[in-house]
Amino acid sequence: MGPTGFAILPSAAEADAVLAAARAAGMVEAALQLRTVGARAHGASIEVRPPPR
């Protein structure tokens, strides 16, 4: 897997429209997986673990 890319857009509807336009223009290779997803609406979670011995 990888590399991973991101595009930040104001709404899922706008993201879907941009994605559809890119596909229609032939700018997306068939093997490339693109998804429209929402952000997690919470802050980061940090976990501190002791170093391995």
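Residues numbered from 1 in each chain as written. Predicted model: local features only at pLDDT ≥ 70, side-chain atom pairs only at ≥ 80, totals over all residues. Heavy atoms only, no water.

**Section: the overall build of the protein**
Secondary structure assignment for the protein yields one helix and zero strands. In terms of overall size, the protein is more extended than a compact globule, its C-alpha atoms giving a radius of gyration of 17 Å where 53 residues would be expected to give roughly 10 Å. In terms of its C-alpha atoms, the protein occupies a principal-axis envelope of roughly 55 × 25 × 10 Å. In the protein, which comprises 53 residues, the proportion classed as buried is 8%. For the protein, the accessible surface area stands at approximately 5,400 Å², while carbon and sulfur atoms represent 59% of it. Distance between charge centroids for the protein: 15 Å, based on 5 positive and 4 negative side chains. (Helix = DSSP H or I, 4+ residues; strand = E, 2+ residues; numbered from the N terminus. Rg over C-alpha atoms; globule rule 2.2 N^0.38 Å. Buried < 20%, exposed > 50% of the residue type's maximum accessible area, 1.4 Å probe, protein only. Areas by Shrake-Rupley, 256 points an atom, 1.4 Å probe, with all protein chains shown as cover. Lys, Arg positive; Asp, Glu negative; His and termini not counted. Charge placed at Lys NZ, Arg CZ, Asp CG, Glu CD.)

**Some words on the pattern of salt bridges**
Following the criterion strictly, the structure yields one salt bridge and no others. Between Arg-49 and Glu-47 there is a salt bridge, with its nearest N and O atoms 2.7 Å apart. Taking the relative accessible area as the measure of exposure, Arg-49 reaches 63% and is therefore exposed. Judged by relative accessible area, which is 59%, Glu-47 ranks as exposed. (Salt bridge = Lys/Arg side-chain N within 4 Å of Asp/Glu carboxyl O.)

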